[in-house]
Structure formats: structure tokens, C-alpha cells
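The chain contents come next:
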Protein chains: 2
Amino acid sequence: MIPYDQMTREDLLKEKESLVSAYKKYEKMELSLNMARGKPSVEQLDLSMGMLAPISHDEVIDVDSGMDVRNYGVLEGLEGAKKLLASMVSCDPNSVIVCGNSSLNVMYDQIARGFSFGYLGEKPWSKLKKVKWLCPVPGYDRHFSITEHFGFEMIPIPMNSDGPDMDLVEEYVKDDSVKGIWCVPKYSNPEGIVYSEEVVKRFANLKPAAKDFRIFWDNAYAVHYLYDEIEKQDQIPDILLECKKAGNPNLVFEFMSTSKISFSGSGISGVASSPENKKDIISSMTVQTIGYDKVNQLRHIKFFKDAAGIREHMKKHAKILRPKFLCVINTLERDLSGKNVGTWNNPNGGYFITFRTIPNVASKVVSMCFALGVTLTGAGAPFPYGQDPKDSVIRIAPSFPTLEELQTAMDVFTLCVRLATIDEILKK
Amino acid sequence: MIPYDQMTREDLLKEKESLVSAYKKYEKMELSLNMARGKPSVEQLDLSMGMLAPISHDEVIDVDSGMDVRNYGVLEGLEGAKKLLASMVSCDPNSVIVCGNSSLNVMYDQIARGFSFGYLGEKPWSKLKKVKWLCPVPGYDRHFSITEHFGFEMIPIPMNSDGPDMDLVEEYVKDDSVKGIWCVPKYSNPEGIVYSEEVVKRFANLKPAAKDFRIFWDNAYAVHYLYDEIEKQDQIPDILLECKKAGNPNLVFEFMSTSKISFSGSGISGVASSPENKKDIISSMTVQTIGYDKVNQLRHIKFFKDAAGIREHMKKHAKILRPKFLCVINTLERDLSGKNVGTWNNPNGGYFITFRTIPNVASKVVSMCFALGVTLTGAGAPFPYGQDPKDSVIRIAPSFPTLEELQTAMDVFTLCVRLATIDEILKK
């Protein structure tokens, strides 16, 4: 097989012709398929129906605190829920505050606190002329929306295969207007990259100029393995412990969530940090709310019990997700390998596969797919301000469609990649 | 009976002696009773155990949207939940956004949005030198904590028997640094006052100098009647409609919550406002969260069904609360009436009874009660910065203790009122 970029113009046009006729076939099918968001499938949601079992009168008294979970109180959350969340990211349960149904909201709140009140007595960011934020790219669009909403200047940091470019991070934090960085350290959104031990340790040992610089460590996919083999279950060091060892205990906020473990939008979430940071958060949280939903915390404790319970449950998710990831990978291999039309990753966990087209082609592929009824995440979304400088990154979210739908969607996808790439080559 | 303030010094000392011996009796009892917070009793929480019934697979698809409530989506909340919340305060369901488990958090967020981003294109309050806030007093301490946390200057507005002093409110809003007012319009915390139709209409017709002045209408006790007789079930006009009629559609945010209807801390809450304000809120909310807990919204729709369901449920709460309120009122009557030692209100709804001592006595009463093991809300709490200028207001929250405990607590309370009042009179 001759790669597209080495084909003659004539051969390319011939190839295009056959692709166009396939395209026309799909046009008639009026498809409506969605690979845009990391939404669990119905089959996955069904795994947690036990969470909707009744709670009896005997169960409403929390075993640790003796408190009635149906009433006000216990701002930090139930001990059992702290232990459960801590077990997911292997941190100390005492460092955890259990929050509501959305870890995104917890991150938003934590940035809002820096903005409105300042961390540990530092000046609130609202009083500063300029706040800058480091954004490893490609990254999670909803992270970037938060920092954009607060008016921070976002600085893209390229990702390497073992995490963000730490030379650059170490350089940027010398600027005291740089106040934070977004990180998804394990099975990153969208590339599924796992930060190496070295990267984690370099993070823990950062010496930022700003005392109120914080790492926002969104450990959203900590237990989201796709494979049961232990060697494919990547592990990263406990960032809280590493920061403590490095003499930087207050450097990090770690976030966790059961959104893609139990129910999306009806799970529990948490933030973990040093005792000093935790006290600072609680002092503001106590004004903000009387407390989070403890009945839902109880449901999670009852249903999962402990780390082993979560592990077994995640194996069931993996069993559903694995064939979908393989479908994506296999279709990309089948249709695109050897053609020099793009590259892709093959992650061991998480929710996404990232496809990189040749430059200037990604947004074209997304619109062509959309025209055929296949919705992808908007091109550019994984970048600050929605701007992908090379217009080459596409995030594929295979979780929601059925396997059959996914196969059709991927057939459409690879077709559009080939067509758009040929058009781009022919332009030159 | 001779009122204390008309007794001779000798008679007062004699009265004190007999009270002191009663005090000593209580000292030995090592009581531990709490009338501090508006917490529902266990018996009340038990009324909603049906909320913890299982949810079946057939029920997880929302009838209105066709959405699976277990998955992401429907940022504004389920239609059924909007209708339920709207029915409680008699507003248009389309004006409602359903939020999480804490209406306090919704109010906090709404103030935070004014502070960080500004309403409808107005300058964010964080950029202003001075923000002032009107605080009807006595009021809800957690309201005041929020405005204090954001550094606003709080201006106390005296309450009349039909709501805040509107002459003063109308005067203050001429100052464009005055950006808002806290209101609990029905069965106010702590006095149980119901705003009159005239007061509501004067609110709706305010002409504030600041375009971003907002009324924070915390309609927390809208359906919290203590009596089944219709003439004791006070009604107030729909503030949203009144604002619209007055040509001030954007003037108000109305808040509602099921915290004291279903479970405290595991209910649902909402904010209602004009289409323009709603759009403004959603544009920020969409950055803050992927959505609120729709499974819990479904639980509420299932359990209460509609306005009639809420009404029947609230009658059950009233049946439990009524004897407690009567216990407080009767004990105050029995021990304090005719003594000129204080006044109290006898509300038709809500969660609190307010007692007013003679000046300089409230904090003494609270500490004396505390010394005997009876915890009351801190004196001063219902005022901005915790400062009651006359030191005379005490909030009594009768809901949590059993009737027997409450009787003992009230016996202690009236004893301490009498003792502290005599001490104060003797000082002169």
C-alpha cells in the first residue's frame, strides 16, 4: 500500500472517487450517532441499579459518627465515604472532604475561592491585574471553560507520552502571575496518557514563585482500567504524599469522583489536600452550604463497601468498554494504517481515544462526520479557547453508542478522515 | 401579679432566691438539650422514608424529556421537579432552575456570580470599592455569613409586623452601591413574620439606583404551615409576577428547597427568575457543573407527585411540630406573662419562635441556659456580624427535641429569663 502523501495526483483522485461513492451511500442512511461526550452507556448504568435499592430505617444512622444521615450535619462527609474516595486514588482518607454530585463543581468552587478570597491569606486573584494558568494540551474542555470564565490567561503546555512537558512547567512557574495548572494524571482526557513517576515527582518538587500556585490534580480515571491484566493497570504515585515528602504539602488539590463508576451526575465527589488547605476550604465551605447529600454518600458506602468492591465493579465496566475501544482501534488499523493520514493512541484506561490528523484536517473531518449524522467532540475543544493551532486533534468517545452503532460511526469516521486528507493533499 | 419592673427591691430579691434554688436543682440534672438549629426531628424525617424506596429500571427514563436520569444532561432539571418546586411558591414552572441539595448553596452561588462576573453585563462586584447589602433584622444568620464572607457592608433594616421597613428600603436603594437585600417573605427566620401584600408590591416596585440590585427572596417556609385551618395558612403574592407587572422582571431571584419537607441536606432546591436572569444564570452554571442530581429529583417527583402531595405531607409535619410550638408558647405564657420580662411571637408557620428580653439580657439568658445544658442559638446570631444592638433577641428552635425534652428546656429557659431579668433590674 502506498501512503496517501506519496500517491500520484491521479491515484489520489481515483481513491477519492471510490470514497465519495461510499460517502453518498452513508448520506442516504440518515444516521444519528454520537461519539462526542464521555457518557456511560445504558448497559454501564445498569451495573449500578443496586444503588437504587431501598435504605431501611436501621441503616440511616452512620456507623462512624452516630449521626442520622437524613439530617443536617457532618460537613466534611461520612467517614465511610472518605475512605471509599481515598481508596480510589490511594491517598489518606483524613485528607478528603466529601462533596456533591459533580467534581467539576468542586474544582470550580476551589478556583472561585482563590478568585474571591485567596488561599491561606494570599491576595484574592480578583484583585490582581493578571492571572495565568497552565493548560496541558490536548486536555479537558470543561477545565479550560472554567479558567476562561474567570478571565485567566491560559498557557498551553504540550503533552509528552509521560505527561506534560515538565521543563516548560518548571520554567513557567517562575512567573508569579502563574497560579495553577490543570492535570488529569491517569488516563488523561483525551489522550489516555499516564503520568510517569518522574513527572509526578517533578510536580511535587515544583518551586513556584507564587505562594498560591496550586496543581489541580483531577484524578478522574484512577480506577478506570480497560484490561484486567495487572501489567496493564497503570499506577502513579500518591501526589499528596509526594508533595509532603518534597516539603510542599500545600501545593496540590486532588479531585475524585464516582460519576463514571456509579451514576453520571448522581455520584459523589471529593477534594483531598493538606491539613492546612483542608482547613482553609472548610472555612469557606461552611459559609457556602450546610452540607452535602449524606444519604447519597450512604448509598455509595452500602453498594461498593470498599476498594475491593470498587475494583470488582470497574471490571464489569471494563468488560463493556473494552470491545468498544477495540472496535475503534481495529477500525482505525483496518482503514488507515500505512496511509500516513493520522496517528492514534491505544490507552489502557479512561474514556477516550485521540486521533491526530495531518495539519488543517481535523475540523473538516468533524464537519463531514456531522453531515453524515455522526457527532464528534468539536475540533479544537481539547485546547484553550477552542483553538487547536494545528487543527489536527480529534477526541473519540466510544462509551455511549452500542457496539453496532459504534462500528458504523467509526466506518464513517475513517472514511471522512481519508476524504478530508486527500482534499488537503490535493490543495498543495 | 406585679410585673418585675414594678416590684420592690426586696420582693425582687425574694423572687430571685426562689429562682436560684430552682436553678440549682437543674444544675444537678446534667441536661443536654438543644433548641439551637431548625433541625427536623427523627419523627419528621421518618415521614419521608418512602423517598428511600427502590427505583425500578422502568422508572429511570424521565417522562417529559425521555432522558435517562442516571446519565449526564438536562442542566435545568427535570420538568416534574420544576413543577413541584414552582407549586410550593406558586410561580411559573418555566422560571425555575432545579439545583442541588442546598438552597443556601444556590444563594451563595448567585452572590458569587454577581461578585465574579456581574449580572447581565454589569460590572462584577469584585471590581467595586464598596458593596452594600440590606439585611432585615432579626434575620437568618447563614444569609448574613454569606454577605460577610464576600466583604459586603451589611445594613440592618428593622422588621415591622408585616415585613421589612419599606420606607427605609426605598431610601437605601437610592445608593447605587446597595446591591441586594435578604428576604424570607413567609414565616421569616426567626420571627415567623409574613410579608403583607403591600410590602410585597412595594418590593416589586422598587426603583434601585443600581441596575444590578437584586432581591434575594428566600421562600424557604412557603408551605410550612403549623395549622390546618385555611385562615391560618398565610398567602403572599407571587413576587416574580409582581415584579413583571411592575416592569421590573429582573429585580428578584426566588429560592426554594425541600430541605425541611423531605430530608435535610438530601432534598432538592431551586432558583426562579425572569427569562433574562435565567439565561444569565445558565450561562455560568454550564461552566460550573455538568448538572445536578436528577435521580434525587426523580425521587422527589415520585414521592410527592404534585402540590396536593406536598400539602398532605406538610400536614403530617405540622401534626408533629404544632404541639412543640404550643409547648413553647404555653410555657412562656405560664411563666412569663404579666411579668414585663419579654415578648414573643406566635407564628402560624415556619421553624422558629422569637423571644425578646428587656435590653442587655439576651446573651446572659443564652449563657445561663448553656450552663444548665440547654443550647440555644447564640444571642446576636440573627444580626449582621452577630451584633444585636439591644442584646434582646433570642431565637427558639423547637423542632428537634422530643416534646418531653422541649418542656424541660423551656422550663429552664423561662427560669433563666426571669433570673437574668431580675439581675438586670437590680443593677439599676
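Residues numbered from 1 in each chain as written. Chains lettered and ligands numbered in written order. Predicted model: local features only at pLDDT ≥ 70, side-chain atom pairs only at ≥ 80, totals over all residues.

A look at helix H9 (residues 275-288) of chain A
(1) Moving on: Here H9(A) is 14 residues long and its end C-alpha atoms lie 20 Å apart, about the 20 Å a rise of 1.5 Å per residue gives.
(2) Moving on: Taken together, the buried positions of H9(A) are Asn277(A), Lys278(A), Ile281(A), Met285(A) and Gln288(A). Down the axis of H9(A), the smallest arc covering the buried residues is 95 degrees, so these residues share one side. Across from the buried face of H9(A), at angles greater than 90 degrees, the exposed residues are Pro275(A), Glu276(A), Lys279(A), Ile282(A) and Ser283(A).
(3) Moving on: Where H9(A) is buried, its residues contact strand E2 (96-99), strand E8 (252-257) and strand E9 (269-272) of chain A together with helix H4 (103-116) of chain B. (Helix = DSSP H or I, 4+ residues; strand = E, 2+ residues; numbered from the N terminus. Expected span 1.5 Å × (residues − 1). Buried ≥ 20, exposed ≤ 12 C-beta atoms within 10 Å, placed from the backbone. Arc of directions from axis to C-beta. Contact = placed C-beta atoms within 7 Å.)

Notes on the nonpolar core
(1) Moving on: The biggest cluster of nonpolar side chains holds 257 residues, and the ones touching the most others in it are Val365(A), Cys369(A), Cys416(A), Val365(B), Cys369(B) and Cys416(B).
(2) Moving on: Not counting residues up to four positions away in its chain, the partners in contact with Val365(A) are Thr357(A), Ile394(A), Cys416(A), Val417(A) and Ala420(A). (Core = buried A, V, L, I, M, F, W, Y, C linked by C-beta atoms within 7 Å.)

Let's talk about the domain arrangement of chain A
Residues and elements named next belong to chain A.
(1) Moving on: The assigned domain composition of chain A is domain 1 (4-44 + 312-427) and domain 2 (61-305).
(2) Moving on: For domain 1 and domain 2, the distance between their C-alpha centres works out to 31 Å.
(3) Moving on: Domain 1 puts 25 residues into the contact, and the matching count from domain 2 is 27 residues.
(4) Moving on: Taken together, the elements giving at least two residues each to the side of domain 1 that touches domain 2 come down to helix H11 (307-336), strand E11 (353-357) and strand E13 (393-396).
(5) Moving on: It is H11 that provides the largest number of residues to the side of domain 1 that touches domain 2, a total of seven residues.
(6) Moving on: Grouping the constituent residues of the side of domain 1 that touches domain 2 by class yields 15 nonpolar, six polar and four charged. (Domains from an automatic or database assignment. Nonpolar A, V, L, I, M, F, W, Y, C, P; charged D, E, K, R; others polar.)

Examining the sheet that holds strand E10 (residues 342-344) of chain B
Strands in a sheet are paired, the pairing made by backbone hydrogen bonds, and the direction either parallel or antiparallel.
All names here are of chain B.
(1) Moving on: Ordered by their spatial adjacency, three strands build an open sheet running E10-E11-E13, and the pairing between neighbours is antiparallel. Lying at the two open borders of the sheet, with one neighbouring strand each, are E10 and strand E13 (393-396). Ignoring strand direction, the axes of neighbouring strands in this sheet form an average angle of 20 degrees.
(2) Moving on: Direction of pairing for E10 relative to strand E11 (residues 353-357): antiparallel, over a ladder of three bridges. Bridge pairing in E11 places Gly342 opposite Thr357. (Pairing = 2+ DSSP bridges. Axes fitted to C-alpha atoms, helices over the stretch in contact; angles between N-to-C directions.)

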